[in-house]
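If you want the building blocks of each chain, they are given just below.
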Amino acid sequence: MTMAEAVDLFHGDPMTQPLTYPGRTPATSGVLMDGAYLQLRLEESAPADDWQAGDETLGELLARLGRSPMSERHPVVAVGSNASPGQLRRKFAGRGIPPVIPMTLADVDGLAPGVSAHVNRWGYVPAVPVEAPGETSRLFVLWLDERELAVLDLTEPNYWRRRLPAERHPVTLDSGGPLPSCFVYVGRHGCLVDEAGEARRLADQRALIQCLLDESPELRRLCGSTPEEFLVSVRDEALRDTIYRLFPAERRTMSQPALADLPSR
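Conventions used here
- Residues numbered from 1 in each chain as written.
- Predicted model: local features only at pLDDT ≥ 70, side-chain atom pairs only at ≥ 80, totals over all residues.
- Heavy atoms only, no water.
- Helix = DSSP H or I, 4+ residues; strand = E, 2+ residues; numbered from the N terminus.
- Buried < 20%, exposed > 50% of the residue type's maximum accessible area, 1.4 Å probe, protein only.
- Contact = heavy atoms within 4.5 Å.
- Areas by Shrake-Rupley, 256 points an atom, 1.4 Å probe, with all protein chains shown as cover.
- pLDDT = per-residue confidence, 0-100.
- Salt bridge = Lys/Arg side-chain N within 4 Å of Asp/Glu carboxyl O.
- Lys, Arg positive; Asp, Glu negative; His and termini not counted.
- Polar contact = N/O pair within 3.5 Å; in protein donor to acceptor, adjacent residues only side chain to side chain.
- Arc of directions from axis to C-beta.
- Axes fitted to C-alpha atoms, helices over the stretch in contact; angles between N-to-C directions.
- Parallel < 35°, antiparallel > 145°, perpendicular 65-115°, else oblique.
- Nonpolar A, V, L, I, M, F, W, Y, C, P; charged D, E, K, R; others polar.
- Phe/Tyr/Trp six-rings, centres within 6.5 Å; stacked < 30°, edge-to-face > 60°.

Q: Mind laying out the overall build of the chain, listing which residues take part and the relevant values?
A: In terms of regular secondary structure, the chain is built from 9 helices and 13 strands. The buried share of the chain, taken over its 265 residues, is 51%. For the chain, the proportion of contacts with a sequence separation of at least 24, taken over those separated by at least 6, is 70%. Approximately 12,000 Å² of the chain is accessible, and the part contributed by carbon and sulfur atoms is 50%.

Q: Can you explain the environment of Ala 166? Please cite residues and give values.
A: Here Ala 166 shows up in the loop between β8 (159–165) and β9 (171–173). In this structure the C-alpha to C-alpha distance between Ala 166 and Ala 27, which are 139 residues apart in sequence, comes to 25 Å. Other than its neighbours up to four places away in sequence, Ala 166 contacts Leu 179 and Pro 180.

Q: Got a sec to walk through the confidence of the model for the chain? Specific residues and values, please.
A: Per-residue confidence for the chain gives a mean pLDDT of 93; residues scoring 70 or more make up 97%. Note that pLDDT drops below 50 for residues 1–5; the model gives that stretch 6 contacts with residues more than four away or on any other chain.

Q: So what's going on with the pattern of salt bridges? Residues and values would help.
A: Taken as a whole and assessed by the stated rule, the structure comprises 18 salt bridges. A salt bridge links Arg 138 to Asp 174; its shortest N-O distance comes to 2.7 Å. Here Arg 138 is found in strand β7 (residues 127–144), whereas its partner Asp 174 is found in the loop between β9 and β10 (178–179), with 36 residues between them in sequence. Between Glu 218 and Arg 221 there is a salt bridge whose closest N-O contact spans 2.7 Å. Here Glu 218 pairs with Arg 221, and both are found in helix α6 (residues 217–223), just 3 residues apart, close to one helical turn. Exposure remark for Arg 221: the relative accessible area of 60% places this residue in the exposed category. The network of salt bridges with common partners includes Arg 67, Arg 73, Asp 145 and Glu 148.

Q: I'd like a description of the side chain of Arg 162, backed by residues and values.
A: Along the chain, Arg 162 falls in strand β8. For the buried Arg 162, which has no salt bridge, the nearest side chain bearing the opposite charge is Asp 261, at an N-O separation of 6.6 Å. Within the structure, the side chain of Arg 162 is placed 2.9 Å from the backbone oxygen of Ala 260, a separation counted as a polar contact. Among residues more than four places away in sequence, those in contact with Arg 162 are Cys 182, Phe 183, Val 184, Val 186, Leu 259, Ala 260, Leu 262, Pro 263 and Ser 264.

Q: Requested: an account of helix α5 (residues 205–215), with residues and values cited.
A: Within α5, the full set of buried residues consists of Gln 205, Leu 208, Ile 209, Leu 212 and Leu 213. Within α5, the buried residues cover an arc of 130° as seen down the axis, which keeps them to one side. Where α5 is buried, its residues meet β6 (100–115), β12 (191–192), α6 and α7 (227–233). Residue Asp 204 occupies the N-cap position of α5, its side-chain oxygen lying 3.2 Å from the main-chain nitrogen of Arg 206.

Q: So, the packing of helix α3 (residues 85–92) against helix α4 (residues 146–154): which residues are in play, and what are the values?
A: One way to put it is that α3 packs onto α4 with a least axis distance of 10 Å and a crossing angle of 90°. Comparing the axis directions of α3 and α4 gives the class roughly perpendicular. Note on element contacts: α4 touches α3 through Glu 148, Val 151 and Leu 152, opposite Leu 88, Lys 91 and Phe 92. Class assignment for the residues of the contact of α3 with α4 results in 4 nonpolar, no polar and 2 charged.

Q: Give a detailed account of the packing of aromatic side chains, specifying residues and quantitative values.
A: Scanning the entire structure with this criterion turns up 1 aromatic pair. With a centroid separation of 4.3 Å and 20° between ring planes, the pair formed by Tyr 21 and Tyr 124 is classed as stacked. Remark: Tyr 124 occurs in the loop between β6 and β7 and Tyr 21 occurs in the loop between α1 (3–9) and β1 (30–33); sequence separation between them is 103 residues. For Tyr 124, a relative accessible area of 4% corresponds to the buried category.

Q: Talk me through the side chain of Gln 87; I want residue IDs and the actual numbers.
A: Examined against the element boundaries, Gln 87 turns out to sit in helix α3. In this structure, Gln 87 is in contact with Asp 13, Pro 14, Met 15, Ser 81 and Tyr 124, ignoring residues within four places of it in sequence.

Given below as structure tokens:
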């Protein structure tokens, strides 16, 4: 990864630029270290601590920084902006724990990024995992220690952290190794559906908002006819609550009980 590519990962984030949601994501596995992203090379059949991070192993890097080894970290599948280093840095800012988070690309079976049935206080319509039988999604897995996991939990008030059953949603790393079990943040509000009644898939935020507006005269009346007008309007918490009630009233939502009922441990 070039210096320009690394800098670009931290150029803005969805909290400050909502229409960029879910944010800039890396092209490769790596390690987020506050404002830097170090490319990570996974070694086939090797334990995670032996993966290469620059001129040292990942285990050596974590030890040098005084952080937890991979064996003590929790894998979390990132469905939305948690795969964006810029967004993660923003979430951890001011919480007293500069993040040092390995981020590994993986194939996740039976799960896809959908759209939550609510508008975030920052103005974007965020992602939510939806069941997708027969499909495989290319997603990042975050490896968080206990303190990092606790901080990330605090930034996810609209989600429950649940454990994915490996037999139903296998997660396979680029190194070829299957993970026995991963966490994922499941939406508390269900997901939005398309006009055919199927779970809507996450798309470019500008295009997503425009589509939602085009499909609903009432939403246009409340929020205007463009994504820019929408963002200005939804700064009002009362209006966001109105939209939250409007989605199910217009039959645009679907619950995800199979995910919500997964174990938390």
